6 protein chains.
Amino acid sequence: SKLSQQQVDETNDRVLLMETNLDDATGQQLSITIKRALELGAKDAWAEPIIMKKGRPAYKLCLLTVAEQQETFVKFLFSDTPAIGLRMKSMHREIMERRIEQVQTSYGKFGIKRLSYCGLNKSSVEYDDIEKCSQKTGKSFEEIKLAVLQEIENKGV
Amino acid sequence: SKLSQQQVDETNDRVLLMETNLDDATGQQLSITIKRALELGAKDAWAEPIIMKKGRPAYKLCLLTVAEQQETFVKFLFSDTPAIGLRMKSMHREIMERRIEQVQTSYGKFGIKRLSYCGLNKSSVEYDDIEKCSQKTGKSFEEIKLAVLQEIENKGV
Amino acid sequence: SKLSQQQVDETNDRVLLMETNLDDATGQQLSITIKRALELGAKDAWAEPIIMKKGRPAYKLCLLTVAEQQETFVKFLFSDTPAIGLRMKSMHREIMERRIEQVQTSYGKFGIKRLSYCGLNKSSVEYDDIEKCSQKTGKSFEEIKLAVLQEIENKGV
Amino acid sequence: SKLSQQQVDETNDRVLLMETNLDDATGQQLSITIKRALELGAKDAWAEPIIMKKGRPAYKLCLLTVAEQQETFVKFLFSDTPAIGLRMKSMHREIMERRIEQVQTSYGKFGIKRLSYCGLNKSSVEYDDIEKCSQKTGKSFEEIKLAVLQEIENKGV
Amino acid sequence: SKLSQQQVDETNDRVLLMETNLDDATGQQLSITIKRALELGAKDAWAEPIIMKKGRPAYKLCLLTVAEQQETFVKFLFSDTPAIGLRMKSMHREIMERRIEQVQTSYGKFGIKRLSYCGLNKSSVEYDDIEKCSQKTGKSFEEIKLAVLQEIENKGV
Amino acid sequence: SKLSQQQVDETNDRVLLMETNLDDATGQQLSITIKRALELGAKDAWAEPIIMKKGRPAYKLCLLTVAEQQETFVKFLFSDTPAIGLRMKSMHREIMERRIEQVQTSYGKFGIKRLSYCGLNKSSVEYDDIEKCSQKTGKSFEEIKLAVLQEIENKGV
Ligand code: NI
Ligand code: NI
Ligand code: NI
Ligand code: NI
Ligand code: NI
Ligand code: NI
Ligand code: NI
Ligand code: NI
Ligand code: NI
Ligand code: NI
Ligand code: NI
Ligand code: NI
């Protein structure tokens, strides 16, 4: 965002980071909680290895949500994990504008993400499409990605 | 907290997160610093593995404290560790209401934490009590926890 | 900072924490990005191992910058990494006052960092100087550091 | 295994540990490779965060396989990841004897793993069954596990 | 060990590495298990963060024991943790010869470890003694270690 | 290696894994030790975050060397780090055959690694060359890699 747009930015592009340190959850539980949080609408969810008091090997569970879902996710964390407390802070979020195109290649159809931000542009091939193609053809990720990007460039897509 | 209490919440339930990246402390020191921070009144203290500049395998030391103890813990970190700088942020904290009951079972006395938050309820057996019982009886954590929870439920405690 | 100076502090001693979770960058890329961020003026740059959605072993890339460089580093991260979004937060920063002295010892010249904060004082020997000396003499870090600190103390420097 | 069976053990209960350090694979790739390795018959597959040369934040990919599949997995790793070398070691493996029972409870049917080793016995409820039940009923993992274990014990199953 | 002694070495200086990947233990349990393993005679015990199948944030528990205690520790791990399998490998161990001296300094008595290996010598101050002194005097670890090492050197101990 | 070559393999393609757990080294030291180990001829060197006894956040330092350098690296670790013990095991190593070609492209000269193993072939562009080109042109890693691989393929190199 340009500096002149900063103020608008500061009120519009907010995301809530929620964190809780868990030394009483198992890895089995944590992976399910991460999956459920995403199904429930979290923008992102992940775990970080930490070392807690009394030398406990533990994980910090982190969620990114919109502010409107604060209550939903506090209740989610308290009911889906052994957490009895959590902390949160609002953060400013900057994202590239994205537009997805479906492009036909000799390997099949691929989603291409067109990304732009203040004059800066880049593209990426949808990872799930590469994986499916790799599964079907037995070719490696790199090989497929390269071929798809080449075709797109040649086509001037 | 209900949405109507949000404003009160925002001023009352605050916690200060302090962080410092350490590539010049040993693990021996870090574990002592974590223990001392808790004795000094930190609400939580932990370390996270990180990779710092020049490829240095390091740890980020994190403390949660009340705002009133900011000066205490800045001085503590500067005198107890090689840190020469740290950063901090006030965060909103959400905790379940807790009430501890002492319950007599056939395994002995156990502390039971009764937790509640906006209509949501859960219980947990004090971990230190399970450990002591496990140490004394040679039975596993899981076995003891299960038996204690069963007895409590049957008693309708 | 004393409580009476808190207000000044809060406006002056700010640092911006930028974070982005990367499951599509390689370790080769991340180490270069960290080096470049520092060359570009970041106050600190590091990576933290995390576990992202779909069980992806990943890294969170973190930068500390001054607020004035926000635009610079958003663009840097979007052009130098596959990131398509990032989040940031202004944090309060507390640092020890530092003064570097060059001291002549029997091992050669060493930079000594004199650090102070509200009456608290400590010193540290510049790590790069210890490393160079260790490389030249074949002596261990600890041995050199000890000898240098001894000489300085005896000299009353 | 009893000491008298040690020799037999040493030839029978072997597992091959394969490891490769990857600073040129992304997290997206690693999670797919772990999934594929398991589909291909690996007994286990996981990743460990490591810090490689030149300060590269990386992951060590590890597989446990039977010796007969050595060639299969060397080729798998060389074709599915950017690895250009790997190392391996035969290890002795000790496992508890396991027997799975299907038990009907008021929560539905659950797989119960009965485990034994030299006089030592323990049971565990199949995690996937708990998860499915949790998904269906909205109850927490712990609550379901506890209830199922209680019913089983009361039934003397 | 000199090459001529290699053969002796290979039979004498062995240690057994035991490993098990745990996605169903909590951090609370793991820290207790590590403590108990050491009380039971393990030479070392630690945990490593790993990412297991199905995206589970987990820990690998590792023990170093003498070969004679293999059976003891297999049973310990099967009864004290949810592990249902583990793997192990005999490794060659190289250690410095160590001799502990009690040295009187102006800070009190300190244990000094004198270490030697094939002509190479080094010393270290017992960490527990430094910690106790630091606790009593309020001085930092580094300050105490430095002072003690200086006194020892001056005394020609 | 083909199965018929296994025996030869087992005696020829060996590598020695050395490990030591360090709770008394700093990250500054560890990064230097890793660099020096590589300069001294180690085939690889890295660090893994671990949690040691007494809740110490620590790192395991790992080296891969040829068996002939065992003595060299034991002495190196004992003199360059605070380690007072280490463990090692010989592992079988499988590597792809590699041949480096210098290829002229419109972006300049690039090293191309041609890799093969039992009928399996792959190529990779030397990372250092990509980095240098990226530094000079300001283009991203991905963009350069893609362009170089395209030119090579078109040339039928
Ligand atoms: Ni903005
Ligand atoms: Ni903009
Ligand atoms: Ni609230
Ligand atoms: Ni301040
Ligand atoms: Ni001040
Ligand atoms: Ni972290
Ligand atoms: Ni056995
Ligand atoms: Ni030896
Ligand atoms: Ni020797
Ligand atoms: Ni590891
Ligand atoms: Ni081979
Ligand atoms: Ni072959």
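Please read all numbers here as calculations on a predicted model, not as lab measurements.

Draft legend 1. Looking closely at the overall build of chain A. What chain A contains, in helices and strands, is five helices and seven strands. Its helices and strands taken in sequence order, chain A reads α-β-α-β-β-α-β-β-β-β-α-α from the N to the C terminus. Computed over the C-alpha atoms, the radius of gyration of chain A is 20 Å, more than 25% above the 15 Å expected from 2.2 N^0.38 for a compact globule of 157 residues. For chain A, with 157 residues in total, the buried portion stands at 58%. Long-range contacts, defined as pairs at least 24 residues apart, comprise 53% of the intrachain contacts of chain A with a sequence gap of at least 6. In the form shown here, chain A has an accessible surface area of approximately 6,600 Å², with 49% of it arising from carbon and sulfur atoms. Computing the positive centroid from 24 side-chain charges and the negative centroid from 23, chain A places the two 2 Å apart.

Draft legend 2. Structural detail: the relation of the copies chain A and chain C. Expressed as a screw operation, the relation of chain A to chain C combines 0.0 Å of axial shift with a rotation of 120°, fitting to an RMSD of 0.0 Å. In short, the pair behaves as if placed about a three-fold rotation axis. With a heterologous cut-off of 20% or less, the 12% of interface residues of chain A that recur at the interface of chain C puts this contact in the heterologous class.

Draft legend 3. The arrangement of the sheet that holds strand β7 (residues 120-125) of chain F in detail. Residues and elements named next belong to chain F. Taken in spatial order, the three strands of this open sheet run β5-β6-β7, and their pairing is antiparallel. Single-partner strands in this sheet number two, and they are β5 (97-105) and β7. On average, each strand axis in the sheet is tilted by 25° relative to the strand beside it, whichever way the strands run. Bridging between β5 and strand β6 (residues 108-117) involves nine bridges; their strand directions are antiparallel. Paired with Gln 102 across the bridge in β6 is Gly 111. In the packing of helix α4 (residues 127-137) onto the sheet, the strands contacted are β6 and β7, and the crossing angle to β6 comes to about 155°.

Draft legend 4. Examining the interface of chain A and chain C more closely. With 33 residues of chain A at the contact, the number on the chain C side is 27 residues. Approximately 2,300 Å² of surface area, both sides summed, lies buried where chain A meets chain C, with 56% of it carried by carbon and sulfur atoms. Of all residues in chain A, Trp 46, Met 91 and Glu 94 of chain A give up the largest surface area on contact with chain C, accounting jointly for 20% of the area buried on that side. Here chain A is connected to chain C by two salt bridges. The salt bridge partner of Lys 54 of chain C is Asp 128 of chain A, with a shortest N-O separation of 3.4 Å. For the pair chain A and chain C, the number of links is 12 residue pairs in polar contact (both at pLDDT 80 or more). Elements represented by at least two residues in the side of chain A that touches chain C include exactly β1 (14-22), α2 (27-39), β2 (44-52), β3 (56-65), β4 (85-95), β6 (108-117), β7 (120-125) and α4 (127-137) of chain A. Its residues placed into classes, the side of chain A that touches chain C shows 18 nonpolar, four polar and 11 charged. By the bridge criterion, four bridges tie β4 of chain A to strand β4 (residues 85-95) of chain C in an arrangement that is antiparallel. What sits directly across from Glu 94 of chain A, in β4 of chain C, is Leu 86 of chain C.

Draft legend 5. Quick peek at the environment of Ser 79 of chain E. When you line up the elements, Ser 79 of chain E lands in helix α3 (residues 70-80). Excluding residues that lie within four positions of it along the chain, Ser 79 of chain E makes contacts with Ser 140 of chain B together with Leu 120 of chain D.

Draft legend 6. Structural context of the interface of chain E and chain D. On the chain D side, the residues contacting the 26 residues of chain E number 32 residues. Counting the surface lost from both chain E and chain D, the interface buries some 2,300 Å², and carbon and sulfur atoms represent 58% of this. For chain E, the biggest contributors to the area lost against chain D are Phe 78, Ile 84 and Arg 87 of chain E; these three give 27% of the whole. Between chain E and chain D we count two salt bridges in total.

Draft legend 7. Structural view of helix α3 (residues 70-80) of chain B. In terms of burial, α3 of chain B is largely enclosed, as eight of its 11 residues are buried. Buried within α3 of chain B we find Gln 70, Glu 71, Phe 73, Val 74, Phe 76, Leu 77, Phe 78 and Asp 80 of chain B.

Draft legend 8. The arrangement of the side chain of Glu 101 of chain F in detail. Along the polypeptide, Glu 101 of chain F turns up in strand β5. A distance of 3.4 Å separates the side chain of Glu 101 of chain F from the side chain of Arg 114 of chain F, its partner in a polar contact.

Draft legend 9. Examining the packing of helix α2 (residues 27-39) of chain C against α4 of chain F more closely. The geometry of α2 of chain C relative to α4 of chain F is characterised by a closest axis approach of 12 Å and an angle of 30° between their N-to-C directions. With respect to the hand of their crossing, α2 of chain C and α4 of chain F are arranged in right-handed fashion. Two secondary-structure elements touch here, α2 of chain C through Gln 28, Gln 29, Ile 32, Lys 35, Arg 36 and Glu 39 of chain C and α4 of chain F through Tyr 127, Glu 131, Ser 134 and Gln 135 of chain F. Of the residues belonging to the contact of α2 of chain C with α4 of chain F, the class tally is two nonpolar, four polar and four charged.

Draft legend 10. Representation of the sheet that holds strand β5 (residues 97-105) of chain E within the structure. Residue and element names in this part refer to chain E. Strand order in this open sheet of three strands is β5-β6-β7, and the pairing throughout is antiparallel. The sheet terminates laterally at β5 and β7 (120-125), the two strands that pair on one side only. Going across the sheet, the axis of each strand differs from the next one's by a mean of 25°, ignoring polarity.

About the thresholds
- Residues numbered from 1 in each chain as written.
- Chains lettered and ligands numbered in written order.
- Predicted model: local features only at pLDDT ≥ 70, side-chain atom pairs only at ≥ 80, totals over all residues.
- Heavy atoms only, no water.
- Helix = DSSP H or I, 4+ residues; strand = E, 2+ residues; numbered from the N terminus.
- Rg over C-alpha atoms; globule rule 2.2 N^0.38 Å.
- Buried < 20%, exposed > 50% of the residue type's maximum accessible area, 1.4 Å probe, protein only.
- Contact = heavy atoms within 4.5 Å.
- Areas by Shrake-Rupley, 256 points an atom, 1.4 Å probe, with all protein chains shown as cover.
- Lys, Arg positive; Asp, Glu negative; His and termini not counted.
- Charge placed at Lys NZ, Arg CZ, Asp CG, Glu CD.
- Least-squares fit on C-alpha atoms with pLDDT ≥ 70 in both.
- Pairing = 2+ DSSP bridges.
- Axes fitted to C-alpha atoms, helices over the stretch in contact; angles between N-to-C directions.
- Buried area = accessible area lost by both parts, 1.4 Å probe.
- Salt bridge = Lys/Arg side-chain N within 4 Å of Asp/Glu carboxyl O.
- Polar contact = N/O pair within 3.5 Å; in protein donor to acceptor, adjacent residues only side chain to side chain.
- Nonpolar A, V, L, I, M, F, W, Y, C, P; charged D, E, K, R; others polar.
- Left-handed = near helix turned anticlockwise from the far one by under 90°.

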